[in-house]
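Analysis of the macromolecular model
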Number of protein chains: 2
Amino acid sequence: MPTFQFDEDTSLADAGDGKFRAELPQRWTIDGGRPNGGFLLALLGRAAVEAAGGPGGPHPHPVAATSQYMTAPSVGPAEVRAEVMRRGRTATQVRCLLVQDDEAKVAASFVVGRLAGGDPLWSTESPFALPAPEDCVSMRRMMPPGVTTMRDSIEVRYDPATLFIPAGMDGPEGHASEPAVLRAWLSFADGRPFDPVGLLLAADGLPPAVTGLGLAGWVPTLQLTAYVRGLPAPGPLRVRQSTRVAVDGLLDEVCEVWDDDGRLVAQASQLAAYRPPQG
Amino acid sequence: MPTFQFDEDTSLADAGDGKFRAELPQRWTIDGGRPNGGFLLALLGRAAVEAAGGPGGPHPHPVAATSQYMTAPSVGPAEVRAEVMRRGRTATQVRCLLVQDDEAKVAASFVVGRLAGGDPLWSTESPFALPAPEDCVSMRRMMPPGVTTMRDSIEVRYDPATLFIPAGMDGPEGHASEPAVLRAWLSFADGRPFDPVGLLLAADGLPPAVTGLGLAGWVPTLQLTAYVRGLPAPGPLRVRQSTRVAVDGLLDEVCEVWDDDGRLVAQASQLAAYRPPQG
């Protein structure tokens, strides 16, 4: 089995009593600063699975995950505390905290169960359309060189119809036609296949779709909820994220994730804070 | 000020140290049994607002709420424990437990802030179409007489195009054309206007839209997330709830709530468990 970066980066050292030591790496930060919320959710999800009996136990998959972000954690060591709230027949429910400097920075709770990869009893939709990966746009070339961020760890290729390119920047044709949506292909840079824990990352893998709304600066997530609905097929994921309403300094981001077999494998939503545009 | 039933039923007796005593009434049960999840979320939301400084404080409105249901609580006394995780400038973050018989039955967390009732910076959509209330169908007449349930406390009038009527029951024309969606008007039976805490109830005010899928029996919610996006205008709410995927014993329910002024005032999603249909 090859070792992938994401698995190393989300590895936990068991410190007993439901406590784990983790190391938050530069590789999963946004623009070189704060660790990405989806990465943190995946890290806590691994702790929740461990608390539920581990990947070899009866409940190996996080199926529902929700996290609240009190203070953005920093790169470096952190402690994860996992508390089993209930062990049931079909699911184990776990509450987690991510603690740094004696402060709880992220609180999360999980329903950990088992996805069987069965055929859906019901499914309303087919995946949204997306141009072929080679006709989509990677953002990595727009980043300043030398700064290690999440964009080195996952490959995101955006549908150009959903990209807003600020004036003066070199962008593709057809941008900003849809101001509050992003559609993209998502894959791990090192080819790691997606699994339920990886889907927790994918559920927050795109930035907020807000540049077209005139919003700049940090759009901190307050709350993130993700449901993992299937065992993803090999291959890149299709991710769509859109904002329905931005009002009173708060905006939603609704996300759906489809696998290469055309199955809806994750659903997510977030509530984030924004500062109104100037002028 | 008139006293409304919902306010009485969600009232809390402050027991100090972030603890509150509550009484779960028969009036908010589903089919006479377990208290409704949205009612519990609203009750815990009131505790979260109290912990954040109360309705007269700087953060009077629950804006994000998520709850996990470990064991269905019973009608009767309960204790609510609220723990402030962080007091920030724009929001207070609170974690709550609902405890009965020394067992934590519901865990919830809240972002409590202030909705200003401003004009949206961005809004993607207009409300879905719904026939006039007098052309919609109340389910109260289908309930056995003498059983007090939530259906006595809120008035739900369903769009007949979304109603599935089992064989042998007296139903309206045009049923079951859309099998995994319900659309309805929602109002309090005693005319109480909706507010942010009331919207937490509305976000789980409809039953699962699953009868058309051949599912019968209890569809217990594992996790429920609701975002309150606005201060609702007076008048009934329009609520749409739909299931996108049912697979591996788990189904989602995605809910949106619009007010009488055509604003999206709440968004919600749940993950629930089901038993596959027989035969």
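Presented here is a report on the structure given in the accompanying data block. What you see is a predicted model, and the numbers here were worked out from it, not measured in a lab.

With respect to the interface of chain A and chain B
- Contact residues are listed per partner, giving 61 residues for chain A and 61 residues for chain B.
- Looking at the side of chain A facing chain B, the largest losses of area belong to Trp122, Arg229 and Arg244 of chain A, adding up to 17% of the total buried there.
- Inspection of the region where chain A meets chain B yields four salt bridges.
- The salt bridge partner of Arg229 of chain A is Asp252 of chain B, with a shortest N-O separation of 2.7 Å.
- Across the chain A-chain B interface, the total number found is 41 residue pairs in polar contact (both at pLDDT 80 or more).
- Tallied by class, the residues present in the side of chain A that touches chain B amount to 35 nonpolar, 15 polar and 11 charged.

Quick word on helix H2 (residues 37–51) of chain A
All names here are of chain A.
- For H2, which comprises 15 residues, the first-to-last C-alpha distance of 21 Å matches the rise-based estimate of 21 Å (1.5 Å per residue) to within 8%.
- Of all 15 residues in H2, 13 are buried; the element is thus mostly enclosed.
- Of the residues that open H2, the one with a side-chain oxygen 2.8 Å from the backbone nitrogen of Gly38 is Asn36.

Observations concerning the relation of the copies chain A and chain B
- By a simple turn and slide, chain A fits onto chain B: the slide is 0.0 Å along the axis, the RMSD is 0.0 Å, and the turn is 180°. The two molecules are tied by a two-fold rotation axis, judged by turn and shift.
- Taken as a fraction of all interface residues of chain A, those also at the interface in chain B reach 100%, which identifies the copy contact as same-surface.

Focus: the side chain of Arg229 of chain A
- As for its placement among the helices and strands, Arg229 of chain A is situated in the loop between strand E11 (221–228) and strand E12 (237–242).
- Of the polar contacts made by the side chain of Arg229 of chain A, one reaches the side chain of Asp252 of chain B; its length is 2.7 Å.
- Ignoring anything within four residues of it in the chain, the contact list for Arg229 of chain A reads Leu115, Leu264, Val265, Ala266 and Gln267 of chain A together with Val245, Ala246, Val247, Leu250, Leu251, Asp252 and Leu271 of chain B.

Quick notes on the packing of aromatic side chains
All names here are of chain A.
- Taken as a whole and judged by the stated rule, the model has 12 aromatic pairs over all chains.
- Aromatic side chains Phe6 and Trp28 sit 5.7 Å apart centroid to centroid with 75° between the ring planes, which places their arrangement in the edge-to-face category. Remark: Trp28 occurs in the loop between strand E2 (19–24) and H2 and Phe6 occurs in helix H1 (residues 5–9); sequence separation between them is 22 residues. The burial state of Phe6 is the same as that of Trp28; both residues are buried.
- An angle of 80° between the planes, with centres 6.4 Å apart, marks the rings of Trp28 and Phe188 as edge-to-face. Separated by 160 residues along the polypeptide, Trp28 in the loop between E2 and H2 and Phe188 in strand E10 (residues 181–188) bring together distant segments of the chain. Like Phe188, Trp28 is buried.
- Grouping aromatic residues by their ring pairs yields a cluster made of Phe6, Trp28, Phe39, Phe188 and Phe194.
- Here Arg34 stacks its cationic end above the ring of Trp218, 4.2 Å away from the centre of that ring.

Details of the pairing of strand E5 (residues 92–100) of chain B
All names here are of chain B.
- For E5, the buried fraction is high: nine of the nine residues fall into the buried class.
- Side-chain alternation along E5 places Thr92, Val94, Cys96, Leu98 and Gln100 on one buried face and Gln93, Arg95, Leu97 and Val99 on a second face that is also buried.
- In textbook terms, the turn of a hairpin is the stretch between consecutive antiparallel strands, and for strand E4 (residues 76–87) and E5 this stretch comprises four residues.
- Judged from the nine bridges that link them, E5 and strand E6 (residues 103–113) form a sheet pairing that is antiparallel. Within E6, the position partnered with Val99 by the bridge is Ala104.
- Adjacent in sequence and paired antiparallel, E5 and E6 are bridged by two residues, among which Asp101 carries a positive phi angle near 55°.

Parameters and conventions
Residues numbered from 1 in each chain as written. Chains lettered and ligands numbered in written order. Predicted model: local features only at pLDDT ≥ 70, side-chain atom pairs only at ≥ 80, totals over all residues. Heavy atoms only, no water. Contact = heavy atoms within 4.5 Å. Buried area = accessible area lost by both parts, 1.4 Å probe. Salt bridge = Lys/Arg side-chain N within 4 Å of Asp/Glu carboxyl O. Polar contact = N/O pair within 3.5 Å; in protein donor to acceptor, adjacent residues only side chain to side chain. Nonpolar A, V, L, I, M, F, W, Y, C, P; charged D, E, K, R; others polar. Helix = DSSP H or I, 4+ residues; strand = E, 2+ residues; numbered from the N terminus. Expected span 1.5 Å × (residues − 1). Buried < 20%, exposed > 50% of the residue type's maximum accessible area, 1.4 Å probe, protein only. Least-squares fit on C-alpha atoms with pLDDT ≥ 70 in both. Phe/Tyr/Trp six-rings, centres within 6.5 Å; stacked < 30°, edge-to-face > 60°. Lys NZ or Arg CZ within 6 Å of the ring centre and 35° of its normal. Pairing = 2+ DSSP bridges.

Remember that the coordinates give geometry; whether it matters functionally is a separate question.
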